[in-house]
Amino acid sequence: MSLRFVLDPDLTAELREQLVSLWVDVTNAGGAVGFVAPVTAADVLGIAEPTFAAIADGPDRLLVAYEGERPVGMLIFVDNRFHLKTHWCVLKRVMVHPDTQGRGHGYALMREAERLGRAMGLAALHVTVRGGLGLEGFYERLGYREVGRLPGALRVAPDDDRDEIFMWLNLAAPGA
């Protein structure tokens, strides 16, 4: 089944619940989306509620990938909230439901974000990646390059610190 993308969907109570459920499922399957498994919806709500508020009230924007009527992926265009950085934004909470992985949905979601970034007039997109999971290779295949790394910046468990890796996609580069 093909994906349908919706930018800035109406954040109804039902959609919020579906996105929290997606977030929980992705985290509990080992996804690096701000938590470490195991989590519950109650755990995720503490971050989800202010995230949804920043989308509903602006300036952040939500991109949802649907398979039929089911949200199976999402990411957030996060505004830098600083006037010297209005030409680029951060993509956060990039996720695809675990039962749809391996079907190109993550690639399609990121390509749609790239297309939209250009349509928004952005010069670049930035993502951060949790080290130790091999995620940087996924982003490199999409044209992102590593531009920095904070060693041990993410403590996922006692005695388990991971690098925070900064990845950058120059939307203004020739051939980009």
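Look up a bit, the structure's there.
This is a predicted model, so every value here is computed, not measured. (Residues numbered from 1 in each chain as written. Predicted model: local features only at pLDDT ≥ 70, side-chain atom pairs only at ≥ 80, totals over all residues. Heavy atoms only, no water.)

Caption draft 1: Molecular detail of helix H1 (residues 13-28). With 16 residues, H1 should reach 22 Å at 1.5 Å per residue; the first-to-last C-alpha distance of 22 Å fits that figure. Among all positions of H1, only Leu15, Leu19, Val20, Leu22, Trp23, Val24, Val26 and Thr27 are buried. The elements touched by buried residues of H1 are helix H2 (41-56), strand S2 (61-67), strand S3 (70-78) and strand S4 (88-96). Two residues or fewer past H1, Gly30 is found with a positive phi of approximately 105°. (Helix = DSSP H or I, 4+ residues; strand = E, 2+ residues; numbered from the N terminus. Expected span 1.5 Å × (residues − 1). Buried < 20%, exposed > 50% of the residue type's maximum accessible area, 1.4 Å probe, protein only. Contact = heavy atoms within 4.5 Å.)

Caption draft 2: Geometry of the nonpolar core. One finds Leu19, Val44 and Leu62 to be the most contacted residues of the largest nonpolar core, which totals 25 residues. Aside from chain neighbours lying at most four places away, what touches Val44 is Val20, Trp23, Val24, Phe35 and Val39. If you look at the next biggest cluster of nonpolar residues, it comprises 24 residues, including Leu91, Ala113, Leu142 and Ile165. (Core = buried A, V, L, I, M, F, W, Y, C linked by side-chain atoms within 4.5 Å.)

Caption draft 3: View of the pattern of salt bridges. According to the stated counting rule, one finds 12 salt bridges in the structure shown. In this structure, the salt-bridge partner of Glu69 is Arg4, at a minimum N-O distance of 3.7 Å. Here Arg4 lies in strand S1 (residues 3-7) and Glu69 lies in the loop between S2 and S3, a separation of 65 residues in the sequence. What makes Glu69 exposed here is its relative accessible area of 65%. (Salt bridge = Lys/Arg side-chain N within 4 Å of Asp/Glu carboxyl O.)

Caption draft 4: Structural view of the environment of Gly152. Along the chain, Gly152 turns up in strand S6 (residues 145-157). In the structure, Gly152 is positioned 12 residues away from Glu164 in sequence and 7.2 Å away in space, judged by C-alpha atoms. Not counting residues within four places of it along the chain, the set of residues in contact with Gly152 comprises Asp161, Arg162 and Asp163.

Caption draft 5: Structural view of the packing of aromatic side chains. Summed over all chains, the structure comprises 4 aromatic pairs. Measuring from ring centre to ring centre gives 5.7 Å for Tyr139 and Tyr144, while their planes differ by 75°; the resulting arrangement is edge-to-face. An identical accessibility class is assigned to Tyr139 and Tyr144; each is buried. Three or more aromatic residues joined by ring pairs form one cluster here, namely Phe138, Tyr139 and Tyr144. Above the face of the Tyr66 ring, Arg4 is positioned so that its terminal group lies 4.5 Å from the ring centre. (Phe/Tyr/Trp six-rings, centres within 6.5 Å; stacked < 30°, edge-to-face > 60°. Lys NZ or Arg CZ within 6 Å of the ring centre and 35° of its normal.)

Caption draft 6: Examining the sheet that holds strand S5 (residues 124-130) more closely. Taken in spatial order, the 7 strands make up an open sheet running S1-S2-S3-S4-S5-S7-S6, and their pairing is mixed. In this open sheet, the two strands that pair with only one neighbour each are S1 and S6. Strand-to-strand twist across the sheet, computed as the mean angle between neighbouring axes with direction ignored, equals 25°. Where S5 and strand S7 (residues 160-170) come together, 7 bridges link them in antiparallel fashion. In the strand pairing of S7, Arg130 is matched with Glu164. The strands that H1 touches are S2, S3 and S4; relative to S3, the one it contacts most, it runs at about 90°. (Pairing = 2+ DSSP bridges. Axes fitted to C-alpha atoms, helices over the stretch in contact; angles between N-to-C directions.)

Caption draft 7: Spotlight on the packing of H1 against H2. The geometry of H1 relative to H2 is characterised by a closest axis approach of 10 Å and an angle of 130° between their N-to-C directions. The angle between H1 and H2 places the two elements in the oblique class. Here H1 and H2 pass one another in a crossing that is right-handed. Two secondary-structure elements touch here, H1 through Arg16, Leu19, Val20, Trp23 and Val24 and H2 through Ala41, Val44, Leu45, Ile47, Ala48, Thr51, Phe52 and Ala56. For the contact of H1 with H2, the residue count by class is 11 nonpolar, 1 polar and 1 charged. (Parallel < 35°, antiparallel > 145°, perpendicular 65-115°, else oblique. Left-handed = near helix turned anticlockwise from the far one by under 90°. Nonpolar A, V, L, I, M, F, W, Y, C, P; charged D, E, K, R; others polar.)

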